[in-house]
Amino acid sequence: MSYYLKSTEEVLKEVDSTSNGLTSTQADQRIEKFGKNKLAEPPKRTFMQKFIGSLTDPMIIMLLVAAGISTATTIYQNVVRHANESYADLFIILFVVIVNTILGIVQEDKAEEAISALKEMTASTSKVLRDGKQVIVKSEDLTVGDVLIFEAGDAVPADCRILESHSLKVEEAALTGESVPVNKMVDLLMLKENTLDIPLGDRKNMLYSGSTIVYGRGKAVVVAIGMESEMGKIAAALNQNDDEQTPLQKKMAELSAILTKLVIGICVFVFLFGIGRELLFPTEADLFNIVLDTFIMAVALAVAAIPEGLPAVVTVILSIGVTAMSKRNALIRKLTAVETLGCTQIICSDKTGTLTQNKMTVVDNFTSDVHLLASGMALCSDAKIDEGKQEAVGEPTEAALVNFAYKHDLPSYELNKEQPRIGEAPFDSMRKMMSTVHRYKDGYIQYTKGANEIILSHCTYYLDEDHQIQPLTEEVKQQINAKAKEFADRALRVLGLGYKKLGTLPENYDAETLEHDLIYVGFVGMIDPCRKEVYGAIKECASAGIRPIMITGDHIDTAVAIGKDLGIITGSDQAMLGSELDSMDDEELQNAVMNISVFARVQPEHKTRIVRAFKSLGYVVAMTGDGVNDAPSIKAADIGIGMGITGTDVTKGVADMVLADDNFATIVNAVEEGRKIYDNVRKVLQFQLSTNMSEVLIVFFASVIGKEILTATHLLWVNMVTDSLPGLALGMEKAESDLMQRKPRSSNESVFSNGAGIDMILQGIYMAALVICSYFIGCKLDGPGNGMTMAFLTTNLVEIFHAMSMRTQRGSLLKMKTFNWWLMGAFVVAVALNCLVIYVPFLANLFNFTAIDGKEFAIAFGLAFSVIPVLEVIKFILRNITKNKNNA
């Protein structure tokens, strides 16, 4: 309902209330009818829902299918053929699935707990008229028709129509993005010509949930609560945005699809190849047993092709990244969203409180007597210095003036002792001035502050450069106005000060009595300044190929000035009003966002459209903000970034990441961490897929020659132990030095891009050749059992040495300035575990191994180590090829 277009009498009649509020009985009846004054919370997923959800990952499904097939064949072997096969495959795969699932659930629970700890009620209690008396009730127990009493410092708990306003000022930054408090009034509003509605930020006779009273006092009637309030509507709109997959999720799904097709294709081929060979070259064996043996071989190939340890390794790497980010004040709520930051191309940021300090500050002044200007401004203000914090508290503009004086060694508490206030004409929005009268030496002095042009019109004198009082001529007024315009062009809010000494106390303190024949002192320029660390963060975004976009509810002049100051834009032609978006269709908006980097006076729906416009152009978009008005666009973005200190509950609830320190610069740290994580995940993928390829080639070669080089159990051990430990260690690699000088990678970039696919094939072939060579050497030295043991040992060792080489895809290991102690630890542990499997009789029998001597161990070690120098030579050749191409 458009209550702002109706008189107070009409509103009270419509909500069936009076200026004295409801009775307790009426309030109880309405609470029962309309419900509590609180936002609806989405139901949390149960443990079982999370567990089942994690099992829908394609790679996990593939593992479970492989486990089922392996178990079925083992049961058949043991029951029908009276064999003594181990169920190790089943237990190992189930262990992988359970560990991966638990890691994901624990991380999600931790994030939910951390976010819950950040949540705070914006208004826990409210002053309300019930049964004609003022009482304090819980804010959630307010209902439509309740009449609330407000004073400075109160939070607004519901949407209200103002009934009384006494110099009422409200801070609505959380809803509108407007950093300057809004003057409120009682009168009904009128629609402007050719307009259908009044923007939320211009509804001067309304109070909205989520805003704060910063000055004055007033009375208002509740017209909307809970989900029916403006805040509630925004919260409800969030449900319209479906969660999307992150780039890494998409790549893992793509990889799973490729592996699924590959596994099915290889298994079918090997199975048909085995049957075909038996039909072409018959043996004395039973055909059914041949079919079964061939099927078991196909299962072994499936196990070899699937990187069983990969889901757990990736989950652990992401978890480590989450921990690292939390230490840098970035709290990740969704594990798989960690790496999304690494490919972020656009950061859409709210201005107030995110790029700026959300704290009005005097940054410049124009006067011949700064001492008089500062002390007069402070004395003519109601804000006070908090001596503990050494900072002013009160209405933001007046707090800025008191802080200005404090910085000039003029603390308000000392000034008030020297010049105690004895009377005042309070500020009102009609005359735009405030005057105070103080005891001064043997007489009295009056200070009047307000809009500079208004102050000038009430002055007849001014202080010249020698601090002498001179007549205020038109020429001097023009000079002062010209200077004030320079300040305004810098988006500074200009406040002027006049004063006069009084021999006796005035008859009264009416404005008409006091505000005339003043002496003009000068003016100050104030603004909500940018955070100091944001300047460096914006520069680093530029070097990293990330484009920052400012989206604010503030005035366009202020937004342009801030944008220029930060380096987001170079001119006003790169800024646009939110109202201009209303006349654009989606295609026109897509064209506009290519050249516009500052959007001013925007509504919540504008922010969401801007985010979607960038996304439709293929960009990976991050959205930062703290207010309720940011929540829909945060939800719509690829990664939403909320503010932990000033952020509303709604915003924190939908964000993928919450900044514990509300610091824009923290985002840059998170981007670097995200890029490092993706780099490391990709190294792990390349490492594990190339090693799995070598295993597939080994098993395939064995099936062709009719030998068994490695069994399914051997391959599971390799994939779970030898692959996983070095894989985790690779995930601990430090960021490469040029990480933040690279352009963001495309979200469509394949894990096989930049030569990674060719590298995997070449490395897989070479490692398979080494293992096969080791097998035949072992067979020649001491029979097939020895050959299988040497092949197993070589497979494990070559993959560890391969992991060392994978620390850099194209760079030389010899030139790396960092050392990965985690990888060295993984090497020691993996070697020790493999020695246990080979040399401990119980384990050796389980794996069908024979103990090998020192000579055979050395041969296996030497063959495996050769992967490092060979790959160094290959990388050297590829570097030179790339260099020559770039120079051509």
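The rules behind these values
Chains are numbered independently. Their residues run from 1 in the order of the written sequence. Local features in this predicted model are restricted to residues of pLDDT 70 or higher, and side-chain atom pairs are both shown and tallied only at a pLDDT of 80 or more, whereas totals for entire chains, interfaces and linings draw on every residue. Excluded from the side-chain calculations are hydrogens and water; all other atoms, namely the structure's heavy atoms, are used. Secondary structure is summarised from DSSP: a helix means a run of H or I of at least four residues, a strand means a run of E of at least two, and numbering begins at the N terminus for each. Remark: exposure states derive from per-residue accessible area (1.4 Å probe, protein chains only) relative to the maximum for the residue type, with buried under 20%, exposed over 50%, and partly exposed in between. By definition, residues are in contact when any of their heavy atoms lie within 4.5 Å. Within this analysis, patches are made of residues with over 30% relative accessible area and no salt bridge. Like charges are joined at 9 Å or less; nonpolar side chains (Val, Leu, Ile, Met, Phe, Trp, Tyr) at 5 Å or less. Values of accessible area rely on a 1.4 Å probe in the Shrake-Rupley scheme; residue burial ignores everything except the protein chains shown. Throughout this description, the term salt bridge denotes a Lys or Arg side-chain nitrogen within 4 Å of a carboxyl oxygen of Asp or Glu. Polar contact is the term for a pair of N or O atoms within 3.5 Å; when the atoms are in protein, one must be able to donate a hydrogen and the other to accept it, and sequence-neighboring residues count only if both atoms are side-chain atoms. For each structure, a 1 Å grid was placed over the protein atoms alone; sets of points admitting a 1.4 Å probe that cannot get out are labelled cavities, open sets with protein on both sides within 12 Å along at least five of seven lines are labelled pockets, and lining residues have an atom within 4 Å of a point. Grid points are joined across faces, edges and corners, and a volume is the space filled by probe spheres set on the points. Here an angle of 0 to 180 degrees is reported between the N-to-C directions of two axes, which are lines fitted to C-alpha atoms, with helices fitted over the stretch in contact. We call two directions roughly parallel when the angle between them is under 35 degrees, roughly antiparallel when it is over 145, roughly perpendicular when it lies between 65 and 115, and oblique otherwise. Crossing handedness is read from the near helix: turned anticlockwise from the far helix by less than a right angle, it gives a left-handed crossing, and turned clockwise, a right-handed one. Residues are sorted three ways: Asp, Glu, Lys and Arg are charged, Ala, Val, Leu, Ile, Met, Phe, Trp, Tyr, Cys and Pro are nonpolar, and all the rest, Gly among them, are polar. Each residue gets a pLDDT score, which is the predictor's confidence in that residue and runs from 0 to 100. When DSSP finds two or more bridges between two strands, those strands count as paired. Classification of ring pairs uses Phe, Tyr and Trp, with its six-membered ring standing for Trp, and accepts pairs whose centres are within 6.5 Å; under 30 degrees between planes counts as stacked, over 60 as edge-to-face, and the remaining range as tilted. Consider the ring centre and the ring normal. A charge sits over the ring if Lys NZ or Arg CZ is within 6 Å of that centre and within 35 degrees of that normal. Relevant arc is that of directions from the helix axis to the C-beta atoms, nothing else.

(A) Seen up close, the overall build of the protein. Helix and strand counts for the protein come out as 33 helices and 25 strands. Scored against the burial criterion, the 888 residues of the protein give a buried share of 54%. Restricting to contacts in the protein with at least 6 residues of sequence separation, those with at least 24 account for 73%.

(B) How the structure looks around a nonpolar patch on the surface. Judged by side-chain polarity, Leu64, Leu94, Ile98, Ile102 and Val106 come together as a nonpolar surface patch covering roughly 370 Å² of accessible area. Here the element with the most residues in the nonpolar patch is helix α5 (residues 88-118); it accounts for four residues. With respect to the element layout, Leu64 can be found in helix α4 (residues 58-79).

(C) Up close: the environment of Asp382. Checked against the element boundaries, Asp382 lands in the loop between α12 (370-379) and β11 (384-386). For the pair Asp382 and Ala399, spaced 17 residues apart in the sequence, the C-alpha separation amounts to 8.3 Å. Setting aside residues no more than four positions away along its own chain, Asp382 makes contact with Tyr215, Glu398, Arg421 and Met434. A polar contact is formed between the side chain of Asp382 and the side chain of Tyr215, at a distance of 3.2 Å.

(D) Empty space enclosed by the protein, seen in detail. What the rule picks out here adds up to three cavities of 30 Å³ or more. Each pocket or cavity is described by its volume, and for the largest cavity that value is around 100 Å³. Taken together, Asp759, Leu762, Gln763, Ser805, Met806, Thr808, Gln809, Arg810, Leu871, Ile874, Lys875 and Leu878 make up the lining of the largest cavity. Looking at the lining of the largest cavity, the elements with two or more residues in it are α28 (756-782) and α33 (867-887). Ranked by the residues each element gives to the lining of the largest cavity, the list is headed by α33, at four residues.

(E) Spotlight on the packing of helix α25 (residues 664-705) against helix α29 (residues 784-805). Remark: α25 packs on α29, axes separated minimally by 10 Å, with the N-to-C direction vectors making an angle of 155°. What the angle tells us is that α25 and α29 run roughly antiparallel. Considering how the two elements wind past one another, α25 and α29 form a crossing that is right-handed. Contacts between α25 and α29 involve Gln686, Phe687, Ser690, Thr691, Ser694, Glu695 and Ile698 from the former and Thr795, Glu799, His802 and Ala803 from the latter. Split by residue class, the contact of α25 with α29 holds three nonpolar, six polar and two charged.

(F) Region of the structure containing unusual backbone geometry. Phi at His467 is positive, roughly 65°, even though this residue is not glycine. Positionally, His467 belongs in the loop between β16 (459-463) and β17 (469-471). Residue class for His467 comes out partly exposed when judged on its relative accessible area of 42%. Positive phi values are uncommon outside glycine, yet Asp517 reaches one of about 55°.

(G) How the structure looks around the packing of helix α21 (residues 586-593) against helix α22 (residues 604-616). As a packed pair, α21 and α22 sit with axes 9 Å apart at the nearest point and diverge in direction by 80°. As the angle between them shows, α21 and α22 are arranged roughly perpendicular. Contacts from Asp586, Leu589, Gln590 and Val593 of α21 reach α22 at Arg609, Ile610, Ala613, Phe614 and Ser616. Taken together, the residues that form the contact of α21 with α22 break down as five nonpolar, two polar and two charged.

(H) Focus on the side chain of Asn786. Position of Asn786 relative to the elements: it lies in helix α29. Looking at Asn786, its side chain comes within polar contact range of the side chain of Glu856, at 2.6 Å. Excluding residues within four positions of it along the chain, Asn786 makes contact with Gly778, Leu781, Thr850, Ala851, Ile852 and Glu856.

(I) Structural view of the confidence of the model for the protein. Residues with a pLDDT of 70 or more make up 87% of the protein, whose mean pLDDT is 83. Every residue in residues 117-123 scores below 50 in pLDDT, and together they form 11 contacts with partners more than four places removed in sequence or on other chains.

(J) Region of the structure containing the sheet that holds strand β22 (residues 598-600). The eight strands are arranged β8-β25-β24-β23-β9-β20-β22-β21 in an open sheet whose pairing can be described as mixed. Unpaired on one side and paired on the other, β8 (330-332) and β21 (575-577) mark the two borders of the sheet. Strand-to-strand, the axes of this sheet are offset by a mean angle of 20°, without reference to chain direction. For strand β9 (residues 346-350) and strand β20 (residues 547-551), the ladder comprises five bridges, and the chain directions are parallel.

(K) Highlighting the packing of aromatic side chains. Under the criterion given, the structure shown has 11 aromatic pairs. Here the aromatic rings of Phe614 and Tyr619 are separated by 6.1 Å at their centres, their planes lie at 75°, and the arrangement is edge-to-face. Owing to a relative accessible area of 25%, Tyr619 belongs among the partly exposed residues under this scheme. Residues Phe801 and Phe827 carry aromatic rings whose centres are separated by 5.6 Å and whose planes lie at 45° to one another, so their mutual orientation is tilted. Of this pair, Phe801 sits in helix α29 while Phe827 sits in helix α30 (residues 821-839); the two residues are 26 residues apart in sequence, bridging distant segments of the chain. The rings of Phe801, Phe827, Phe861 and Phe865 are connected pair by pair, giving a single aromatic cluster. Here the guanidinium or amino end of Lys169 rests over the ring plane of Tyr215, the centre of that ring lying 5.5 Å away. Stacked on the ring of Phe427, the Lys or Arg Lys169 has its end atom at 4.6 Å from the ring centre.

(L) Molecular detail of the pairing of strand β15 (residues 443-451). Most of β15 is tucked away: nine of the nine residues are buried. Direction of pairing for strand β14 (residues 433-440) relative to β15: antiparallel, over a ladder of eight bridges. What sits directly across from Arg439, in β15, is Tyr444. Count of turn residues in the β14/β15 antiparallel hairpin: two residues, of which Lys441 carries a positive phi of about 50°.

(M) Examining the pattern of salt bridges more closely. Taken as a whole and assessed by the stated rule, the structure comprises 30 salt bridges. We note a salt bridge from Arg328 to Glu673, for which the minimum N-O separation is 3.6 Å. One end of the pair, Arg328, is in the loop between α10 (310-327) and β8; the other, Glu673, is in helix α25, and 345 residues separate them in sequence. Overlapping salt bridges bring together Arg328, Glu672, Glu673 and Lys676 as one network.

(N) Summary view of the environment of Asp141. Summarising the element assignment, Asp141 is placed in the loop between β2 (133-138) and β3 (147-151). A sequence separation of 15 residues divides Asp141 from Ser126, and the C-alpha atoms of the two residues are 9.3 Å apart. Reaching out from Asp141, the side chain makes a polar contact with the side chain of Lys36 at a distance of 2.5 Å.

(O) Representation of the pairing of strand β13 (residues 421-428) in the model. Strand direction decides the pairing type here: β13 and β14, joined by five bridges, are antiparallel. Directly across from Ala425, in β14, lies its bridge partner Ser435. A loop of four residues connects β13 with β14, the two strands running antiparallel in sequence, and Lys432 in this loop sits at a positive phi of about 60°.

(P) Region of interest: helix α18 (residues 532-543). Buried residues of α18: Val534, Ala537, Ile538 and Cys541, and no others. Taken end-on, α18 shows its buried residues confined to a sector of 100°, consistent with a single buried face. Exposed and facing more than 90 degrees away from the buried side of α18 are Lys532 and Lys539.

(Q) View of the side chain of Asp554. Turning to its location among the elements, Asp554 is positioned in the loop between β20 and α19 (556-566). Take Asp554: its relative accessible area is 2%, and that puts it in the buried class. Polar contacts involving the side chain of Asp554 include one to the side chain of Lys351, which spans 3.0 Å.

(R) Just the environment of Ile75, in detail. The residue Ile75 is located in helix α4 in this model. Its relative accessible area of 40% is what places Ile75 among the partly exposed residues. Separated by 12 residues in the primary sequence, Ile75 and Tyr87 place their C-alpha atoms 8.7 Å from one another. When near neighbours in sequence (up to four residues on either side) are disregarded, Ile75 contacts Val80 and Tyr87.

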